[in-house]
Amino acid sequence: GGFPIDYLGNENLIHAQSFLAILGTQILLMGAAEYYRANGGPLGDDPLHPGGAFDPLGLADDPDTFAELKVKEIKNGRLAMFSFLGYAIQAAVTGKGPVDNWAAHVADPFNVNIFSEIGGSAGTETVCKLASCGAVAMFAATGKKSPAPAASGSKWYGPDRPKWAPLIQDSTPEWLTGEYPGDYGYDIWSLSRDPEQFAKYREYELLHARWAMIGTLGCVFPELLAKYGGVPFKDPVWFSTGYGGFPIDYLGNENLIHAQSFLAILGTQILLMGAAEYYRANGGPLGDDPLHPGGAFDPLGLADDPDTFAELKVKEIKNGRLAMFSFLGYAIQAAVTGKGPVDNWAAHVADPFNVNIFSEIGGSAGTETVCKLASCGAVAMFAATGKKSPAPAASGSKWYGPDRPKWAPLIQDSTPEWLTGEYPGDYGYDIWSLSRDPEQFAKYREYELLHARWAMIGTLGCVFPELLAKYGGVPFKDPVWFSTG
C-alpha cells in the first residue's frame, strides 16, 4: 500500500514515512541492545538471560520459578518457529494471511483444507487413480448418505464411535454414519459421498490391507529365521528372493516346496488365487458379502457371533492400514540402504544415534550442510544442549535432571550420555550429536533461543493486525503480514 504506514491504523502512534528511517532506527536500537546482551548484560555471566533492565518484571528473582520459565520459553519458541514456517507456506500457496486462511477453513473444513489447495477435485481424482484408491482411502471409511443403523453394539460403530477429531464440532460429514468398520468420520476428500463408487474403494482398501498384512510378515519372517534361527536361505531378504537362482526351497527345506520354475510358480498362483477370488467376488458361500464371504473362507468360525465378528472387522482394517504404511517403509528402506527390515532394525538398535534416517540421508556432511543453511536454529530446536561430564540440574523442577521427561521414555538408552538435563528444553533427543561438543553447541543454543524469541514476536505480529482489521474494524492499508508496506 506504500508509505506512510500508521501503527494500528493511527497516525498519532507511529506515522512511518520512510523505509530507510525505519531500518536505521531498528539497527540502532536493536544493535545497541544486542551488543550489550551479547557481552553479558547487567548480570555479566549469562548472555542468553542477561537480567537487569532486560527483566523489568523481576521474573529471574526466584531461581526455581525462573528455571520453569526458561522451559516454557523454549517450548513456546519452538512451537512459534514451526508456526511461522506454516504461515510462510500458507502465504505461498493461498496468497492469504493466517487469519483469512483459518476463517475460510473453519467456515467449510471439508472443502477448504490442505488437499483442496494442493489439487482440488482434480488433484483428488489423479491421486486416487494413481493409488488405485487403496492407500488414499484407507483413513476415509465408507458410508451412505442416508442414516444407517450401526452394524454392532460395539463402541466402534454408530454416532458415538471414536472420531478422528473429537474436539472439533461438526468434523464428521453427514454421510459417515458409523455403519462400517474403521469409520472415524474422516473424509476430507468426500470419497464416501457416492455410496456406489465408494463401495469399490472400500473393497480396494480391504484387499490391499489383507495383502499388506501377509506381505509385511512375509518380508520379515525369512530374514528373522536366517539371522537368528540359522535357517540356510539363499536369499532371505524380501526384495532379493530368487536372485540366487532356482531351485527355491521353502524355509530352506527342499522337502516342503522345491520350486524350480518361475512360470510354474506364477501359473499355480494365478490358478489358485484366480479361482478363489472369482468365487469371493461373486458372493462366496454366504452370497451377500463379497468382502467377508464366510463358509470355507472362515474355517475358524469367526463370523458365527455377530458382535465378535463386528469387532474383528475393525481390528482387521486397523491392522491392515498399519501394514500398508509398514510395507511402504520397507520399500523406502530397501531403496535407501539396500538392506532388509531386520538388518536395518538391528543396525539401528545397536547404534541408534549414528544409524538412523538422518545418517542415511546425509551423514555428517548432510548434518553440517543443513546446520549451515538453517543457522542451526530450527535444526537444533529438539536437541537441547549438554556437556559430556555430568552436570547438576539447574532446578528442582521436573523438567531438569536425569528423571526429566524424555522424547522416547519407553526406549532403553535413548538418551545420549552427554545430555544430562542441565539446560531447559533438554528431552534427550540428539540423533545428530549436535550437543557432543559443548563449546560449539553453545552457539547453536544461542541461535535457537534467539530464533525462538523472534518467532514468538513474529507470529503475534503476523496475526494481530489481521485480526484487528477483520474483526475489530481497524482501517489498515495492509493488514496481512507479507504485504505490509
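Reading the values: rules and limits
Residues numbered from 1 in each chain as written. Predicted model: local features only at pLDDT ≥ 70, side-chain atom pairs only at ≥ 80, totals over all residues. Heavy atoms only, no water. Helix = DSSP H or I, 4+ residues; strand = E, 2+ residues; numbered from the N terminus. Buried < 20%, exposed > 50% of the residue type's maximum accessible area, 1.4 Å probe, protein only. Areas by Shrake-Rupley, 256 points an atom, 1.4 Å probe, with all protein chains shown as cover. Axes fitted to C-alpha atoms, helices over the stretch in contact; angles between N-to-C directions. Parallel < 35°, antiparallel > 145°, perpendicular 65-115°, else oblique. Left-handed = near helix turned anticlockwise from the far one by under 90°. Contact = heavy atoms within 4.5 Å. Nonpolar A, V, L, I, M, F, W, Y, C, P; charged D, E, K, R; others polar. Phe/Tyr/Trp six-rings, centres within 6.5 Å; stacked < 30°, edge-to-face > 60°. Salt bridge = Lys/Arg side-chain N within 4 Å of Asp/Glu carboxyl O. Patch = residues over 30% accessible without salt bridge, like charges linked within 9 Å, V, L, I, M, F, W, Y side chains within 5 Å. pLDDT = per-residue confidence, 0-100. Expected span 1.5 Å × (residues − 1).

A.B. asks: Looking at this model, I keep getting lost on the overall build of the chain. Mind explaining?
C.D. replies: Each helix and strand counted, the chain has 12 helices and four strands in total. Within the chain, buried positions represent 33% of all 485 residues. Counting every atom, the chain has about 28900 Å² of accessible surface; 63% of that belongs to carbon and sulfur.

A.B. asks: Hey, could you run me through the packing of helix α2 (residues 63-94) against helix α12 (residues 438-471) in this one?
C.D. replies: Two measures define how a pair of helices packs: the angle their axes make with one another and the distance between the axes. Relative to each other, α2 and α12 sit at 55°, their axes nearing to 7 Å. Our classification of the angle between α2 and α12 gives oblique. For α2 against α12, the interelement crossing comes out left-handed. Of the residues in α12, those touching α2 at E73, I74, N76, G77, R78, A80, M81, S83, F84 and Y87 are E448, L449, H451, A452, R453, A455, M456, T459, C462 and V463. Classifying every residue of the contact of α2 with α12 gives 11 nonpolar, five polar and four charged.

A.B. asks: Got a minute to help me understand the packing of aromatic side chains in this structure?
C.D. replies: Geometrically, a pair of aromatic rings is defined through the distance of the ring centres and the angle of the planes. Within this structure, the stated rule accounts for 13 aromatic pairs. Taking 6.4 Å as the distance between ring centres and 55° as the angle between the ring planes, the aromatic pair formed by F353 and W418 counts as tilted. On the criterion of sequence distance, the pair formed by F353 in the loop between α9 (341-350) and α10 (357-361) and W418 in the loop between α11 (363-373) and α12 is long-range, its members being 65 residues apart. Ring geometry for Y444 versus Y447: centroids 6.4 Å apart, planes at 45°, classification tilted. Of this pair, Y444 and Y447 both sit in helix α12, three residues apart, which is roughly one turn of the helix. What links up through ring pairs into an aromatic cluster is the set F84, Y87, W481 and F482.

A.B. asks: Before we go on, may I ask you to explain the pattern of salt bridges in this structure?
C.D. replies: When charged atoms on two side chains of opposite charge get close, those side chains can pair. Following the criterion strictly, the structure yields eight salt bridges and no others. Close ionic contact of D183 with R161 constitutes a salt bridge, the shortest N to O distance being 3.2 Å. Here D183, found in the loop between α5 (120-130) and α6 (195-228), pairs with R161, found in the loop between α5 and α6; they are 22 residues apart in sequence, far enough to count as distant. Since its relative accessible area comes to 2%, D183 is described here as buried.

A.B. asks: What is the right way to read a nonpolar patch on the surface from this model?
C.D. replies: On the surface, F246, F262, L263, I265, L266 and I270 cluster together into a nonpolar patch covering about 580 Å² of accessible area. In this structure, F262 sits in helix α7 (residues 262-281).

A.B. asks: I'm lost on the environment of G401 in this one. Help?
C.D. replies: With respect to the secondary-structure elements, G401 resides in the loop between α11 and α12. Taking the C-alpha atoms as reference points, G401 and Y423, 22 residues apart in sequence, are found 8.7 Å from one another.

A.B. asks: Hey, could you run me through the confidence of the model for the chain in this one?
C.D. replies: Close inspection of predicted coordinates is inappropriate for parts of the model with low pLDDT. Overall, the prediction assigns the chain a mean pLDDT of 76, with 76% of residues at 70 or greater. Scored below 50 in pLDDT, residues 120-151 makes 73 contacts in the model with residues more than four places away or belonging to other chains. Segment residues 363-394 is flagged for pLDDT under 50; beyond a separation of four residues in sequence, or across chains, it makes 75 contacts in the model.

A.B. asks: Sorry, what's going on with α12 here?
C.D. replies: One turn of the α-helix equals 3.6 residues, which is why residues spaced by three or four share an orientation. The terminal C-alpha atoms of α12 lie 48 Å apart, and with 34 residues this matches the ideal 50 Å at 1.5 Å per residue to within 8%. Within the sequence span of α12, burial applies to F441, Y444, R445, E448, L449, A452, A455, T459, C462, V463 and E466. Taken from the residues just after α12, G473 is the one with a positive phi, measuring 75°.

A.B. asks: Looking at this structure, how should I read the packing of α6 against helix α8 (residues 306-337)?
C.D. replies: Two numbers describe how α6 lies on α8: the axes approach to 7 Å, and their chain directions differ by 55°. It follows that α6 is oblique to α8 by the angle criterion. Here α6 runs over α8; the crossing is left-handed. For the pair α6 and α8, the contacting residues are E205, L206, H208, A209, R210, A212, M213, T216, C219 and V220 in the first and E316, I317, N319, G320, R321, A323, M324, S326, F327 and Y330 in the second. Class assignment for the residues of the contact of α6 with α8 results in 11 nonpolar, five polar and four charged.

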